[in-house]
Amino acid sequence: MNQVLSGVWALLLGIVLIMLGNGMHFTLIGLRGGIEGFSATELAVVTSGYFAGFLSGARVAPVMIRRVGHVRVFAALGSFMSAGLIALPLLTDPIAWTLLRVLLGFCMSGIYVTAESWINDAATNETRGKVLAAYMIAQTLGIIGAQGLLTLGDAGTSALFIGASILVSISFAPILLSVSPVPVSEVARPMPLRRLFTGSPLGTVGIFLLGGVYATQSGMAAVFGTQIDMSATQISLFVAMLFGGALLLQYPIGWLSDRMDRRMLIFGASLLGAIACAAAWIAGDRLWFLMTAAFLAGGVTTPLYALFLAYTNDGLSTEDMPAASGGLVLTFGIGAILGPVATGWAMQRVDPYAFWLVLGATFAAIALYALYRMTRRATVPAGETDSYLGVVPTASPVAVEAAADWAAEQGGPERDDTARP
């Protein structure tokens, strides 16, 4: 493993620093928004703005790279992102924040496309799985670490926003000083949603609903904490638990994924998420019940994303996988835009604890649909499925396609290149 990481350590260090800054700003939006008196609906729209920008950046960034190259795109987007983070405390208005979040999402998506192109190019067929796994772990560790940094300052001032901007700015040094331009990574045109749904109804519907879950957790958790009067330290711990659960549950769920019917595992993981959310809603403001629920609900979200990718690819021929991956990323992004808006509306119309009701209802919908699909299609034997690789929801189509290629190469010996029924 040390030999594998020796060629990409600088890229991984840069990614950790980027995620420290990006993770700080996600939670800061909820903290500062509460101080400024923004409503749950306004903050939900601000949250959705990020994912709208992220979705558009995933499609535009490859075009920009082809025109001017990786280094220029990476440096330009990094500069805009750093400026956007500093502008947030200067323009404390919901409309301005929404526009800035669209910019930040666009820049972050483009940064992912560029960095993942370098990482994919640096890996060989033999090392790609380990390199991608290390990359996903680096992302998650950066987000978790960011929550600790938030305890060092006051969200009511500009200091933490400036700190996030500095982290993003210095993250480019190890990356740009250690890599050279690489051939442009082509991103396949997304598969039409009708065709994607026909090929994998569960994968399409499930990943759409999961997009709402992930965006709500990452963007509205701090809003929920602020509205029930958690302290800044408690909110930081609450958000960290969401991603800490994802880091620790990824491996056991991935291990099970290669050994059982993935639809049953999707059902079980979704049911666990629904139960955790229901328990949190019943628990009210009891802190450690909320922390435990966050650990479990967040813990199944990221593995479910990888499960839906793997399950969808199980029913496709190898040549269809890149387009299907793009379609799933698009579908997830649409769900991520709509999910926070629905949650914010519910939180404002009911009470802050509607955060858990919406999350729980969405998890339950995934579980019930998975149960229904098990009655409509035969089980694919474990020996004929692709290998599972823990892809995080923040990955761009570049990493998703690379993970799909690796999974197909590592799949069972009985796998062929024809689509399954």
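Residues numbered from 1 in each chain as written. Predicted model: local features only at pLDDT ≥ 70, side-chain atom pairs only at ≥ 80, totals over all residues. Heavy atoms only, no water.

As a further point, take the overall build of the protein. Each helix and strand in the protein was counted, giving 15 helices and 0 strands. Considering the protein as a whole, with its 421 residues, one finds that 59% of them fall into the buried category. Of all intrachain contacts in the protein linking residues separated by at least 6 positions in sequence, the fraction that spans at least 24 positions is 88%. About 15,900 Å² of surface is accessible on the protein, with carbon and sulfur atoms providing 66% of the total. (Helix = DSSP H or I, 4+ residues; strand = E, 2+ residues; numbered from the N terminus. Buried < 20%, exposed > 50% of the residue type's maximum accessible area, 1.4 Å probe, protein only. Contact = heavy atoms within 4.5 Å. Areas by Shrake-Rupley, 256 points an atom, 1.4 Å probe, with all protein chains shown as cover.)

A surface patch of nonpolar side chains, about 530 Å² in accessible area, is lined by Ile86, Leu90, Leu91, Ile162, Ile166 and Ile170. Here the element with the most residues in the nonpolar patch is helix H7 (residues 159-176); it accounts for 3 residues. Along the chain, Leu91 turns up in the loop between helix H4 (70-87) and helix H5 (94-122). With relative accessibility at 43%, the residue Leu91 sits in the partly exposed group. (Patch = residues over 30% accessible without salt bridge, like charges linked within 9 Å, V, L, I, M, F, W, Y side chains within 5 Å. Salt bridge = Lys/Arg side-chain N within 4 Å of Asp/Glu carboxyl O.)

A word on the layout of surface pockets. The space that makes up the second largest pocket amounts to roughly 160 Å³. Leu209, Gly212, Gly335, Gly339 and Thr362 are, among the 13 residues lining the second largest pocket, the residues nearest its centre. Among the secondary structure elements, those contributing two or more residues to the lining of the second largest pocket are helix H9 (201-227), helix H13 (321-349) and helix H14 (354-373). Residue composition of the lining of the second largest pocket, by class: 7 nonpolar, 6 polar and no charged. (1 Å grid on protein atoms, 1.4 Å probe; cavity = no way out; pocket = protein on both sides within 12 Å on 5 of 7 lines; lining within 4 Å. Points joined across faces, edges and corners; volume = space filled by probe spheres on them. Nonpolar A, V, L, I, M, F, W, Y, C, P; charged D, E, K, R; others polar.)

Before going further, it helps to spend a moment on the pattern of salt bridges. Under the counting rule described, the total for this entry stands at 2 salt bridges. Among the salt bridges present, the one from Glu36 reaches Arg32, with a minimum N-O distance of 2.9 Å. Of this pair, Glu36 and Arg32 both sit in helix H2 (residues 9-36), separated by 4 residues, roughly a single helical turn. For Glu36, a relative accessible area of 33% puts it in the partly exposed group. The salt bridge partner of Asp261 is Arg263, with a shortest N-O separation of 3.1 Å. Residue classification places Arg263 among the buried positions, given a relative accessible area of 2%.

Let us now look at the nonpolar core. Phe224, Phe238, Ile266, Leu304, Tyr305, Phe355 and Trp356 are the most contacted members of the largest nonpolar core, which has 128 residues in total. Apart from residues lying up to four places away in sequence, Phe238 is in contact with Ala221, Phe224, Met230, Leu290, Met291, Ala294, Phe355 and Trp356. (Core = buried A, V, L, I, M, F, W, Y, C linked by side-chain atoms within 4.5 Å.)

Our focus in this paragraph is the confidence of the model for the protein. Per-residue confidence for the protein averages 85 on the pLDDT scale, and 89% of its residues sit at or above 70. Confidence scores differ between elements of the protein, with helix H1 (residues 2-6) showing the lowest mean pLDDT of 61 and H14 the highest of 96. Scored below 50 in pLDDT, residues 417-421 makes 15 contacts in the model with residues more than four places away or belonging to other chains. (pLDDT = per-residue confidence, 0-100.)

Here the focus is empty space enclosed by the protein. Enumeration over the complete set of coordinates arrives at 5 cavities of 30 Å³ or more. Quantified by volume, the largest cavity comes out at close to 270 Å³. In terms of lining residues, the largest cavity is bounded by 24 residues, among which Phe26, Tyr50, Phe51, Tyr214 and Thr394 are the most central. Looking at the lining of the largest cavity, the elements that each hand over two or more residues are H2, helix H3 (40-68), helix H6 (128-149), H9, helix H10 (232-257) and H13. Among the residues forming the lining of the largest cavity, the class breakdown is 17 nonpolar, 7 polar and no charged.

Okay, the packing of H9 against H10 next. Here H9 crosses H10 at 160°, and the two axes come no closer than 9 Å. Our classification of the angle between H9 and H10 gives roughly antiparallel. Here H9 and H10 pass one another in a crossing that is right-handed. From H9, Tyr214, Gln217, Ser218, Ala221, Ala222, Phe224, Gly225 and Thr226 reach across to H10, where they touch Ile235, Phe238, Val239, Leu242 and Phe243. For the contact of H9 with H10, the residue count by class is 9 nonpolar, 4 polar and no charged. (Axes fitted to C-alpha atoms, helices over the stretch in contact; angles between N-to-C directions. Parallel < 35°, antiparallel > 145°, perpendicular 65-115°, else oblique. Left-handed = near helix turned anticlockwise from the far one by under 90°.)

Looking now at the side chain of Thr343. Assignment of secondary structure puts Thr343 in helix H13. Residue Thr343 is classed as buried on the basis of its relative accessible area, which comes to 0%. In this structure the side chain of Thr343 is engaged in a polar contact, spanning 3.2 Å, whose partner is the side chain of Thr216. Apart from residues no more than four positions distant in its own chain, Thr343 is found in contact with Thr216, Phe355 and Val358. (Polar contact = N/O pair within 3.5 Å; in protein donor to acceptor, adjacent residues only side chain to side chain.)

One can find Ser109 in helix H5. Residue classification places Ser109 among the buried positions, given a relative accessible area of 0%. Side-chain polar atoms of Ser109 contact the backbone oxygen of Phe54, separated by 2.9 Å. Those residues in contact with Ser109, other than ones at most four positions away along the chain, are Phe54, Gly57 and Ala58.

Moving on, we get to H14. Given a rise of 1.5 Å per residue, 20 residues ought to cover 28 Å, and the 28 Å separating the end C-alpha atoms of H14 matches this to within 8%. Looking at H14, one finds that the buried residues are Ala354, Phe355, Trp356, Leu359, Gly360, Thr362, Phe363, Ile366, Ala367, Tyr369, Ala370 and Arg373. Taken together, the buried residues of H14 touch helix H8 (193-199), H9, H10, helix H11 (262-283), helix H12 (287-314) and H13. (Expected span 1.5 Å × (residues − 1).)

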